[in-house]
Amino acid sequence: MLPTEREVSVALELLERFITTALSLETQQIPEVDDVKFAVATVILYFGFNEEDYEIRNLIKTLESRKGVSYSELRSHLPNFVSHARELLYTRSSSAFYGETSGDDLF
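None of these values were measured; they are calculated from a predicted model.

Cut-offs used in this document
Within every chain, residues take consecutive numbers counted from 1 along the sequence as written. Owing to the predicted nature of the model, reporting of local features is limited to residues with pLDDT of at least 70; listing and counting of side-chain atom pairs is limited to 80 or more, with chain, interface and lining totals taken over all residues. Excluding hydrogens and water, the side-chain figures rest on all heavy atoms present in the structure. Convention adopted: a line fitted to C-alpha atoms gives each axis, helices being fitted over their contacting stretch, and angles between N-to-C directions are expressed from 0 to 180 degrees. Note on conventions: DSSP H or I runs of at least 4 residues are helices, E runs of at least 2 residues are strands, and numbering of each starts at the N terminus. When describing relative orientation, an angle under 35 degrees is termed roughly parallel and one over 145 degrees roughly antiparallel, while 65 to 115 degrees is termed roughly perpendicular and anything else oblique. In this scheme, a crossing is called left-handed if the near helix is turned counterclockwise away from the far one by less than a right angle; it is called right-handed if the turn is clockwise. By definition in these notes, contact holds between two residues if any of their heavy atoms fall within 4.5 Å. Residue polarity follows a fixed list, in which Ala, Val, Leu, Ile, Met, Phe, Trp, Tyr, Cys and Pro are nonpolar, Asp, Glu, Lys and Arg are charged, and the others, Gly among them, are polar. Whether two aromatic rings pair depends on their centres lying within 6.5 Å, for rings of Phe, Tyr and Trp, where Trp uses its six-membered ring; planes under 30 degrees apart make the pair stacked, over 60 edge-to-face, and the rest tilted. Relative accessibility under 20% of the residue-type maximum defines a buried residue, over 50% an exposed one, and the middle range a partly exposed one, all with a 1.4 Å probe and only protein chains included.

(A) A look at the packing of helix 2 (residues 33-47) against helix 3 (residues 54-63). In contact at an axis separation of 11 Å, helix 2 and helix 3 are set at 155° when each is read in the N-to-C sense. Taken together, the axes of helix 2 and helix 3 are roughly antiparallel relative to one another. Seen from above, helix 2 lies across helix 3 with left-handed handedness. Counted together, Val36, Lys37, Val40 and Ile44 of helix 2 and Ile56, Leu59, Ile60 and Leu63 of helix 3 form the full contact between these two elements. Looking at the contact of helix 2 with helix 3, its residues break down into 7 nonpolar, no polar and 1 charged.

This is the structure we're talking about:
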């Protein structure tokens, strides 16, 4: 079963919180790595991102590192991923609101 739009929105919020807090020494509100992995998987499933795509593959590789997850490396991959996913979510939501069913053709 695919994630819902609400689940993707919550996942993106968690990833955004990770981006802003991951390198801070003062905060105790850093999301757990397992939660970040789940959020990334949720977004990938919802949008049907190709796991063989260079950026997605590197993100997954970073999350599945046997040496452990590097917060700084993960943080370098997430901003573009989250930004792109937010834009897609907004586009899909807008299209659905206006009754457009073809999400692939924006023009």
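Moving on from the model shown.
(B) Spotlight on the packing of aromatic side chains. Across all of its chains, the model carries 4 aromatic pairs by this definition. With a centroid separation of 5.5 Å and 25° between ring planes, the pair formed by Phe47 and Phe49 is classed as stacked. With a relative accessible area of 10%, Phe47 lands in the buried category. Geometrically, the ring pair formed by Phe49 and Phe81 is edge-to-face, given 5.9 Å between the ring centres and 65° between the ring planes. Of this pair, Phe49 sits in the loop between helix 2 and helix 3 while Phe81 is found in helix 4 (residues 71-97), placing the two residues 32 residues apart along the sequence. Three or more aromatic residues joined by ring pairs form one cluster here, namely Tyr46, Phe47, Phe49 and Phe81.

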